[in-house]
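Residue-level structure breakdown
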Amino acid sequence: MANSALGHHAVVIGGSIAGLLTARVLTDYFEQVTIIERDRFPLQPQPRRGIPQGTQLHMLLSRGRQIIEDLFPGIEAELIAQGAVAVDMGSDVKWLNPFGWNTRFPSGFTLLSFTRHILDWLIYRRLARVSHLHFLEEAYVTQLISTPDGTSIAGVRFRQSQQNGETQEQTLLADLVVDASGYSSQAPKWLKALGYEMPKETVITAGMGYTGRIYEIPAGFQSDWKAVYLQASPPERTSMAVLFPIENNCWILGFCGTLPHRPSKDEAALLEAIEHLPSPIIYNAIKHAKPSTPIEIYNSPGNRLCHYETLKRQPERFVVLGDAVCSFTPIYAQGMTVAALGVKALEACLAKIARQPSPSLTGLAKTFQKQLAKINAEPWITATTQDAKYPTIQGMTKAHSVPEKLMGWYMNQVIHLTVRDPQTTLSFLQVLHMLKSTTTLFQPRILLQVLKQVLANQLKPHQPKT
Ligand SMILES: Cc1cc2nc3c(=O)[nH]c(=O)nc-3n(C[C@H](O)[C@H](O)[C@H](O)COP(=O)(O)OP(=O)(O)OC[C@H]3O[C@@H](n4cnc5c(N)ncnc54)[C@H](O)[C@@H]3O)c2cc1C
């Protein structure tokens, strides 16, 4: 049942993961919620134009999975019914890190592996049943509208295709507007057009490119693994590959390289690059496997943070989240989970306001963007400290490279321990999956192990055996 505690109408710009999760939360607080999406939502799990990265390998970290299950109880079971594969991160994954193969043990730490568009479709399907949530499809937001006094955002202008093929520009008023339009968000320009300052931007990129391709698992294929991860070892080796099982008895391949060896659509070049990784395990698996999709390429713009939290004049009744605020180098698989964490923070802010004797959305924007900045900080450091090891890195300033390099060094020590220590591996996985903070890796037991490792001078280049 819709609760009108906070207003009559809320608008969400963008209907990908951040927008869909946001809409779910807003339906608890607004009489009407509208998602404006430039694409038409597919009626089956299919890729769509507005999420070009959707054809690439997408891993949903455990924290993200928990949040989504919390917002949509039973969705994990639906993912499994759609063919998602359960992968024990300790026993089912062969992971070659710069120091050797990971220790294999039954961890009970399970990842569900599936293609990205299944998740979006399942969430969309749930939301399509919510009577006070409306989808404006093939509609493109072109600007924000402010109140006459210029203090608040009062709605949006959008263009929508009509049945006669023409497009019509319309206005939609709202008590709250949420921008979840992803990396290509125009919100900074829209704010500028209304006389606000644009948020400052930090971009740190190693210039990575990604290849995604789905293969049928050959009949009778036998192995002691379900998934393989051949991690990069920058600065020397900057290419990496991942092979994970997905629905319909298929694998999804993810290959990543940096300039000047960014992936191309060339079949022979892809196979050759994978064959020359430090283990031929993925090459041997896919060389005779039948591809069921073309080679999909995505050149990542890297890590980008828009500092909405530092705007001197914050427009009221307008918040920004998901990739529109912070996007990461994809190999750390953080994007969807961080978007979900942002939505949970928004939910907490709204719940707090709703409990007040006279609930008001004034002040929400400032409070929320500051909280979101705190949420983004840790995954941002994780991604940028790892990226800093790539010789192609751009955007790192001297001021923050020293502590980040130290952090990178310590993380390397922890990764080294995962070659032989199941307990450290479990802690590392919990941090990687955002179930625990990075400080977990500084617990006395792990610190001691790192110390012993350093003293034993074990940090030597390792030639992995295949
Ligand atoms: C190669 C690659 C691999 C990745 N792998 C992972 C992974 O393994 N795990 C993970 O968690 N994350 C991964 N990510 C990140 C993940 O894809 C994003 O973090 C996530 O999709 C962010 O969602 P979002 O809703 O903020 O934005 P987006 O997914 O970018 O969606 C934005 C939406 O807004 C719509 N839109 C845009 N402008 C307008 C407008 N003006 N009007 C109306 N609609 C508009 C678009 O059509 C789109 O639907 C990966 C990213 C890349 C590039």
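Rules used throughout
- Residues numbered from 1 in each chain as written.
- Predicted model: local features only at pLDDT ≥ 70, side-chain atom pairs only at ≥ 80, totals over all residues.
- Heavy atoms only, no water.
- Helix = DSSP H or I, 4+ residues; strand = E, 2+ residues; numbered from the N terminus.
- Rg over C-alpha atoms; globule rule 2.2 N^0.38 Å.
- Buried < 20%, exposed > 50% of the residue type's maximum accessible area, 1.4 Å probe, protein only.
- Contact = heavy atoms within 4.5 Å.
- Areas by Shrake-Rupley, 256 points an atom, 1.4 Å probe, with all protein chains shown as cover.
- Pairing = 2+ DSSP bridges.
- Axes fitted to C-alpha atoms, helices over the stretch in contact; angles between N-to-C directions.
- Salt bridge = Lys/Arg side-chain N within 4 Å of Asp/Glu carboxyl O.
- Domains from an automatic or database assignment.
- Buried area = accessible area lost by both parts, 1.4 Å probe.
- Near = heavy atom within 4 Å.
- Polar contact = N/O pair within 3.5 Å; in protein donor to acceptor, adjacent residues only side chain to side chain.
- Nonpolar A, V, L, I, M, F, W, Y, C, P; charged D, E, K, R; others polar.
- Patch = residues over 30% accessible without salt bridge, like charges linked within 9 Å, V, L, I, M, F, W, Y side chains within 5 Å.
- Parallel < 35°, antiparallel > 145°, perpendicular 65-115°, else oblique.
- Left-handed = near helix turned anticlockwise from the far one by under 90°.
- Core = buried A, V, L, I, M, F, W, Y, C linked by side-chain atoms within 4.5 Å.

**Section: the overall build of the protein**
- Secondary structure summary: the protein contains 12 helices and 21 strands in total.
- For the protein, whose C-alpha radius of gyration is 23 Å, the value lies close to the compact-globule estimate of 23 Å for 466 residues.
- When burial is assessed residue by residue, the protein has 55% of its 466 residues classed as buried.
- Pairs at least 24 residues apart make up 72% of the contacts formed inside the protein by residues separated by at least 6 positions.
- If you sum the accessible surface of the protein, you get close to 20200 Å²; carbon and sulfur atoms cover 54% of it.

**What about the sheet that holds strand 21 (residues 326-327)?**
- The sheet built from 3 strands is open, its strands ordered 12-19-21 with antiparallel pairing. Each of the sheet's edge strands pairs with one partner strand only, and the pair in question is strand 12 (200-204) and strand 21.
- Packed onto the sheet, helix 9 (residues 364-387) meets strand 12, strand 19 (303-307) and strand 21 and runs at close to 145° relative to strand 19.

**Section: the pattern of salt bridges**
- Per the counting criterion, the structure on display carries 20 salt bridges.
- The partner of R48 in a salt bridge is D39, with the nearest N and O atoms 2.9 Å apart. In this structure, R48 and D39 share a single accessibility class: buried.
- Among the salt bridges present, the one from E347 reaches K344, with a minimum N-O distance of 2.9 Å. Linking E347 with K344, this pair stays in helix 8 (residues 335-354), spanning 3 residues, or about one helical turn.
- Given the relative accessible area of 16%, E347 is considered buried.

**Re the domain arrangement of the protein**
- In terms of domains, the protein is made up of domain 1 (9-58 + 119-203 + 302-384), domain 2 (208-299) and domain 3 (397-455).
- Taking only C-alpha atoms, the centre of domain 1 and the centre of domain 2 are 33 Å apart.
- Taken residue by residue, the interface counts 8 residues in domain 1 and 12 residues in domain 2.
- When the two sides are added together, the surface that domain 1 and domain 2 hide from each other amounts to roughly 890 Å², 74% of it contributed by carbon and sulfur.

**A look at the site of the ligand**
- Near the ligand, the surroundings consist of 31 residues, among which S16, E37, H58, M59 and M336 are the closest.
- Contacts to the ligand include Q53, whose side-chain N or O atom sits 3.0 Å from an oxygen atom.
- Taking H58, its side chain carries an N or O atom lying 2.7 Å from an oxygen atom of the ligand.
- In isolation the ligand offers 1000 Å² of accessible surface; the protein chains occlude 96% of this area.
- Sorting the residues of the shell around the ligand by element identifies helix 1 (17-26), strand 8 (139-146) and helix 8 as the ones contributing at least two each.
- With 3 residues, the top contributor of residues to the shell around the ligand is strand 8.
- Split by residue class, the shell around the ligand holds 15 nonpolar, 11 polar and 5 charged.

**Considerations on the pairing of strand 15 (residues 240-246)**
- The buried fraction of strand 15 amounts to 7 of the 7 residues, a majority that puts the element mostly inside the structure.
- In strand 15, alternate side chains face the same way, and those of M240, V242, F244 and I246 on one face and A241, L243 and P245 on the other are all buried.
- Sheet topology note: the strand 14 (residues 227-230)/strand 15 ladder contains 3 bridges and is antiparallel. Of the residues in strand 15, the one forming a bridge with Y229 is V242.
- Here strand 15 runs beside strand 16 (residues 250-258); their pairing, made up of 7 bridges, is antiparallel. Each bridged residue has a counterpart across the sheet, and for I246 the counterpart in strand 16 is C250.
- Connecting strand 15 to the antiparallel partner strand 16 that follows it, the hairpin turn spans 3 residues, and N248 within it adopts a positive phi of roughly 60°.

**A word on the sheet that holds strand 7 (residues 133-136)**
- Pairing is parallel in the open sheet, where 5 strands are placed in the order 7-2-1-11-20. Unpaired on one side and paired on the other, strand 7 and strand 20 (318-320) mark the two borders of the sheet. Neighbour-to-neighbour, the strand axes of the sheet open up by a mean angle of 20°, direction not taken into account.
- When strand 11 (residues 176-179) meets strand 20, the two strands line up parallel, connected through 3 bridges. In the sheet register, V178 faces strand 20, and the bridge partner there is V319.

**So, a nonpolar patch on the surface**
- A cluster of nonpolar side chains, contributed by L448, L451 and L455, occupies part of the molecular surface with about 340 Å² of accessible area.
- In this structure, L448 sits in helix 12 (residues 444-455).

**Some thoughts on the packing of helix 2 (residues 62-71) against helix 8**
- Relative to each other, helix 2 and helix 8 sit at 45°, their axes nearing to 8 Å. Compared by their axis directions, helix 2 and helix 8 come out oblique. Regarding helix 2 and helix 8, the two cross each other, and that crossing is left-handed. Residues R63, G64, I67, D70 and L71 of helix 2 pack against T337, A340, L341, K344 and E347 of helix 8.
- Residues belonging to the contact of helix 2 with helix 8 are distributed by class as follows: 4 nonpolar, 2 polar and 4 charged.

**A word on the nonpolar core**
- Counting residues in each nonpolar core, the largest one holds 125 residues, and the members touching the most others are L26, I123, V156 and L364.
- Here the element with the most residues in this core is helix 8; it accounts for 12 residues.
- Once you skip the residues sitting within four places of it in the chain, V156 turns out to touch V11, I13, I36, V141, Q143, L144, I145, Q170, T171, L172 and V177.
- V228, L270, L277 and I281 belong to the second-largest nonpolar core, a separate cluster that totals 22 residues.

**Quick notes on unusual backbone geometry**
- A cis amide bond, omega 10°, links P234 with the succeeding residue P235.
- Mapping P235 onto the fold places it in the loop between strand 14 and strand 15.
- A positive phi angle, close to 55°, is found at A333, a residue other than glycine.
- Relative to the elements of secondary structure, A333 occurs in the loop between strand 21 and helix 8.
- Given the relative accessible area of 17%, A333 is considered buried.
- Located in the positive-phi region is M434, a residue other than glycine, with phi close to 60°.
- Mapping M434 onto the fold places it in the loop between helix 11 (422-432) and helix 12.
- Residue classification places M434 among the buried residues on the basis of a relative accessible area of 16%.

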